[in-house]
Amino acid sequence: ISERAARTGFDWDDIAGVMEKTEEEWGELKAELKKTKIQGDVDEQSSRDIALEFGDILFTLVNVARFARIHPETSLAASTRKFEQRFRQMEKMAAESGRTIDEIPRAEKERMWNMAKFR
């Protein structure tokens, strides 16, 4: 849909404008989450509001991808594979130490993550 809108001239001038919009949308999501945190429980309306703000970010990021001439789904799939490989490496490190990943304290998991990034 954004490509269709762009063909009509309804588009950002450059990627910097899209990035600025992404930051604006990120701020709106943070504000919505903060409001919910202040209120406590997330009710149905708050959940919908958060979901819409989250969707706005995703939609804007798709436009960042369009300007950068990359495919957003392919990029997400590659990042997911990269995360999975690193996490499996962490699980392997945990097993080598005689533990499961859920037995390892958070700080040690962070160290393991950094090690997995360079393997």
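Now for a quick tour of the structure. (Residues numbered from 1 in each chain as written. Predicted model: local features only at pLDDT ≥ 70, side-chain atom pairs only at ≥ 80, totals over all residues. Heavy atoms only, no water.)

Remarks on the overall build of the protein chain
For clarity, the cut-off: A run of DSSP states H or I qualifies as a helix once it reaches four residues; a run of E qualifies as a strand once it reaches two. Both are numbered from the N-terminal end. Between the two quantities, the radius of gyration covers C-alpha atoms and the globule rule is 2.2 Å times the number of residues to the power 0.38. Contacts: residue pairs with any heavy atoms within 4.5 Å of one another. Accessible surface area values rest on a Shrake-Rupley calculation with a 1.4 Å probe, where residue burial reflects the displayed protein chains alone. Two residue types count as positive, namely Lys and Arg, and two as negative, namely Asp and Glu; His and chain ends fall outside the count. Charge coordinates come from a single atom per side chain, which is NZ of Lys, CZ of Arg, CG of Asp or CD of Glu.
Each helix and strand counted, the protein chain has 5 helices and 0 strands in total. For the protein chain, the succession of helices and strands along the chain, N to C, is α-α-α-α-α. In terms of overall dimensions, the protein chain is more spread out than a globule: its C-alpha atoms have a radius of gyration of 20 Å, far above the 14 Å expected for 119 residues. Overall size of the protein chain, expressed as C-alpha extent along the three principal axes, is 60 × 40 × 20 Å. Within the protein chain, contacts between residues separated by at least 24 positions form 57% of all contacts whose residues are at least 6 apart in sequence. Surface exposure of the protein chain reaches about 9,100 Å², of which carbon and sulfur atoms provide 56%. Computing the positive centroid from 21 side-chain charges and the negative centroid from 24, the protein chain places the two 7 Å apart.

Quick notes on the pattern of salt bridges
Convention followed: Only one rule defines a salt bridge in this text: a Lys or Arg side-chain nitrogen within 4 Å of an Asp or Glu carboxyl oxygen. A simple rule labels every residue: compare its accessible area, found with a 1.4 Å probe on the protein chains alone, to the largest value its type can have, and call it buried under 20%, exposed over 50%, or partly exposed in between.
Under the defined criterion, the tally for this structure stands at 8 salt bridges. Two residues, Arg99 and Glu108, come together in a salt bridge whose shortest N-O distance is 2.5 Å. Accessibility expressed as a relative area gives 27% for Arg99, which makes it partly exposed. Glu110 is the salt-bridge partner of Arg106, the closest N and O atoms lying 2.9 Å from each other. Note that Arg106 and Glu110 are positioned in helix α5 (residues 106–117) at a spacing of 4 residues, about one turn of the helix.

As for α5
Rules: Multiply 1.5 Å by the residue count of a helix minus one, and that product is the helix's expected span. Think of it as the arc spanned by the lines of direction from the helix axis to the C-beta atoms.
Across its 12 residues, α5 extends 17 Å between first and last C-alpha, which sits within 8% of the 16 Å expected from 1.5 Å per residue. Inspection of α5 places Met112, Trp113 and Ala116 among the buried residues, and these make up the whole buried set. All buried residues of α5 fall inside an arc of 105° around its axis, so they share one side. Structurally, α5 contributes buried residues whose contacts are with α4 (72–96).

What about a nonpolar patch on the surface?
Under the convention used in this document: Exposure above 30% relative accessible area and the lack of any salt bridge qualify a residue for a patch; like charges then connect within 9 Å, and the nonpolar side chains Val, Leu, Ile, Met, Phe, Trp and Tyr within 5 Å.
Together, Phe54, Leu58 and Leu61 give the surface a local cluster of nonpolar side chains, amounting to about 270 Å² of exposed area. Looking at the secondary structure, you find Phe54 in helix α3 (residues 44–68).

Examining the environment of Glu32
Relative to the elements of secondary structure, Glu32 occurs in helix α2 (residues 15–39). For Glu32, a relative accessible area of 11% corresponds to the buried category. Spatially, the C-alpha atom of Glu32 lies 22 Å from that of Asn63, the residues being 31 residues apart in sequence. Setting aside residues no more than four positions away along its own chain, Glu32 makes contact with Asp49, Ile50 and Glu53.

Quick word on the environment of Asp49
Note the threshold: Here a polar contact is taken to be a pair of N or O atoms separated by no more than 3.5 Å, where protein atoms must pair a possible hydrogen donor with a possible acceptor and residues adjacent in sequence count only if both atoms sit in side chains.
Note that Asp49 resides in helix α3. The partly exposed category is assigned to Asp49, whose relative accessible area is 22%. Note: C-alpha distance between Asp49 and Lys109 (60 residues apart in sequence) is 33 Å. Polar contacts involving the side chain of Asp49 include one to the side chain of Gln45, which spans 2.8 Å.

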